[in-house]
Amino acid sequence: MADPFADIEGFAYYACRECDTLFVDPAVLEAMDTGESPRDYDQTYWQVEDHSARQRAQSDALVRAGQAILYARREVRRFLDVGAGPGYLLDQLSSHFPARQDLFHAVELFPPEVHSAHPNYRVGKTSDLEGKFDAGVCVEVVEHLTPKMLSELLEGLSKVSQKNALWLFNTGLSDYVRNEDPGYLDPRRRGHIISYGLRGATELFARHGFRVSALPGMSFAFIAEFEPDFALDDFSQRFYGPLAANKLLLEEAGLIYQAAFDSGRAYYYRAQSHDRALWATRLDRELSQCMAMVRKVGERSPGMVKKLLSRVF
């Protein structure tokens, strides 16, 4: 079941009651699965996106890559950028880790005419890649994909994932759209046709062997681990207790390590602070309701109130 959510650029969007996903008119999703789209991913699209892609590769995406390595519970020897666009992140990672040219890879199904010349930049599907990977990122991609398209991507990703491989997905989740950036859904200019709810993503990813975990405080990203054989721990251990080999790798580019560590820690404690504030607010509301009841009882039966208070104190 779904409820109307918004009308954006002439497209009706809905909110799923079950999974909290925000999505464009199902007729549009069906048309996209047959090759039609509100936004063509042609050279004009890449011209519009080029500046943003460069900025992300030098900032947010670089931090997300660092976090994927930091949080992974297996040694990262091969890393993949999924839906890499022009490959700017691959170039940045190769620049920051000059001794690790064979570690970083990228794949893009619909590349712009001008893209990375790195030998590990591949044009095609993830499932077409050789070998398996230990970790990677998928930055600002899945908001362009219908559930069927995302399922196909995950099927391919499962084929190239090592056991316990960690993938960090950077995308505006439904909480992010509702509470932080209502303009994120943008069908015609950027092609953002869906904002997955974490519940919906968890169910869809599980069908392909991935366990989804929230990133505390980050409503614009989550991680998915392939066939994990370990129990979930307190998330702070992801940045306070990383695998030694992955920490050593990141320390080869000290600024990336520090940014990944500080970013994860800051969002984690912000989330804890937010949760405590909500708890305190709820407690205050409940106390206020209790006091109001006590006052009402006191007005009717003062002796009863004294008896109750004597039992408490």
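Before reading further, recall that the structure is shown in the block above.
All residue numbers refer to positions counted from 1 along the written sequence of the respective chain. Local features in this predicted model are restricted to residues whose pLDDT is 70 or higher, and side-chain atom pairs enter the listing and the counts only when it is 80 or higher, whereas totals over whole chains, interfaces and linings include all residues. By convention in this description, side-chain values take in all heavy atoms of the structure and omit both hydrogens and water.

A. Examining the nonpolar core more closely. Residue types Ala, Val, Leu, Ile, Met, Phe, Trp, Tyr and Cys, when buried and joined through side-chain atoms within 4.5 Å, form a set referred to as a nonpolar core. Three exposure classes are used, based on accessible area relative to the maximum for each residue type with a 1.4 Å probe and protein chains only: buried under 20%, partly exposed in between, and exposed over 50%. Ranked by internal contacts, the top residues of the largest apolar core, which has 87 residues, are Phe-79, Trp-167, Phe-169 and Phe-205. The residues contacting Trp-167, other than those within four sequence positions of it, are Leu-80, Val-82, Phe-133, Ala-135, Gly-136, Val-137, Leu-157, Ser-161, Phe-210, Phe-222, Ile-223 and Ala-224. Working rule for contacts: check all heavy atoms of both residues, and any pair within 4.5 Å makes them a contact.

B. Region of the structure containing the sheet that holds strand S7 (residues 133-139). Strand order in the open sheet formed by 7 strands is S6-S5-S4-S7-S8-S11-S10, and the pairing between neighbours is mixed. A single partner strand is all that each edge strand has here, and the edge strands are strand S6 (121-123) and strand S10 (210-214). Sheet twist, expressed as the mean angle between neighbouring strand axes with direction ignored, is 20°. Criterion used throughout: strands pair if DSSP finds at least two bridges between them. Only DSSP runs of H or I covering at least 4 residues are called helices, and only runs of E covering at least 2 are called strands; the numbering of each starts at the N terminus. Direction of pairing for strand S4 (residues 79-82) relative to strand S5 (residues 104-108): parallel, over a ladder of 4 bridges. Residue pairing in the sheet places Val-82 in a bridge with Val-107 of S5. Axis angles are defined between N-to-C directions and span 0 to 180 degrees, where every axis is a line fitted to C-alpha atoms and, for a helix, only to the segment in contact. Running at roughly 140° to strand S8 (residues 161-170), helix H5 (residues 147-159) makes contact with S4, S8, S10 and strand S11 (221-226) of the sheet.

C. Representation of the side chain of Asn-120 in the model. Within the secondary structure, Asn-120 is located in the loop between S5 and S6. When its relative accessible area of 11% is taken as the criterion, Asn-120 is described as buried. We define a polar contact as two N or O atoms separated by no more than 3.5 Å, with the added condition that, inside protein, one atom must be a possible hydrogen donor and the other a possible acceptor, whereas residues neighbouring each other in sequence contribute only through side-chain atom pairs. Polar side-chain contacts of Asn-120 include one of 3.0 Å to the backbone oxygen of Gln-101. Contact partners of Asn-120, with chain neighbours within four places excluded, come to Leu-90, Gln-101, Asp-102, Phe-104, His-105 and Ala-106.

D. Highlighting helix H3 (residues 60-71). To estimate the expected span of a helix, count its residues, drop one, and scale the result by 1.5 Å. An ideal rise of 1.5 Å per residue puts 16 Å on 12 residues; H3 measures up with 16 Å between its terminal C-alpha atoms. The complete set of buried residues in H3 reads Ala-61, Leu-62, Val-63, Arg-64, Ala-65, Gly-66, Gln-67, Ala-68, Ile-69, Leu-70 and Tyr-71.

E. Broad picture of the pairing of strand S2 (residues 11-16). With 6 bridges connecting them, strand S1 (residues 2-8) and S2 associate as antiparallel partners. Residue pairing across strands places Asp-3 opposite Ala-15, the latter belonging to S2. Where S1 hands over to S2, the hairpin turn is made up of 2 residues, of which Glu-9 adopts a positive phi near 55°. Linking two consecutive strands that pair antiparallel, namely S2 and strand S3 (residues 22-24), is a turn of 5 residues; a positive phi of about 65° is found at Asp-20 within it.

F. Layout of the packing of helix H2 (residues 43-58) against helix H4 (residues 88-96). Put simply, H2 and H4 touch, their axes get as near as 8 Å, and they point 30° apart. It follows from the interaxial angle that H2 and H4 lie roughly parallel. With respect to the hand of their crossing, H2 and H4 are arranged in right-handed fashion. Facing Asp-50, Ala-53, Arg-54, Ala-57 and Gln-58 of H2, the residues of H4 in contact are Tyr-88, Leu-89 and Gln-92. For classification purposes, an angle smaller than 35 degrees is called roughly parallel, one larger than 145 roughly antiparallel, one from 65 to 115 roughly perpendicular, and anything else oblique. Should the near helix be turned counterclockwise from the far one by less than a right angle, the crossing is left-handed, whereas a clockwise turn marks it as right-handed.

G. Structural detail: the packing of aromatic side chains. Here is the rule: rings of Phe, Tyr and Trp (six-membered ring for Trp) pair when centre to centre is within 6.5 Å. Planes less than 30 degrees apart are stacked, more than 60 are edge-to-face, and the remainder are tilted. Within the structure shown, the criterion is met by 20 aromatic pairs. Ring geometry for Tyr-71 and Phe-235: centres 5.1 Å apart, planes at 75°, overall edge-to-face. Within this pair, whereas Tyr-71 is found in helix H3, its partner Phe-235 is found in the loop between S11 and helix H8 (236-240), the two being separated by 164 residues in sequence. This pair shows no difference in class: Tyr-71 is buried, exactly as Phe-235 is. Here Tyr-268 and Tyr-269 contribute two aromatic rings whose centre-to-centre distance is 5.0 Å and whose plane-to-plane angle is 80°, an arrangement assigned as edge-to-face.

From the geometry alone we can't say anything about function, so treat these as descriptive.
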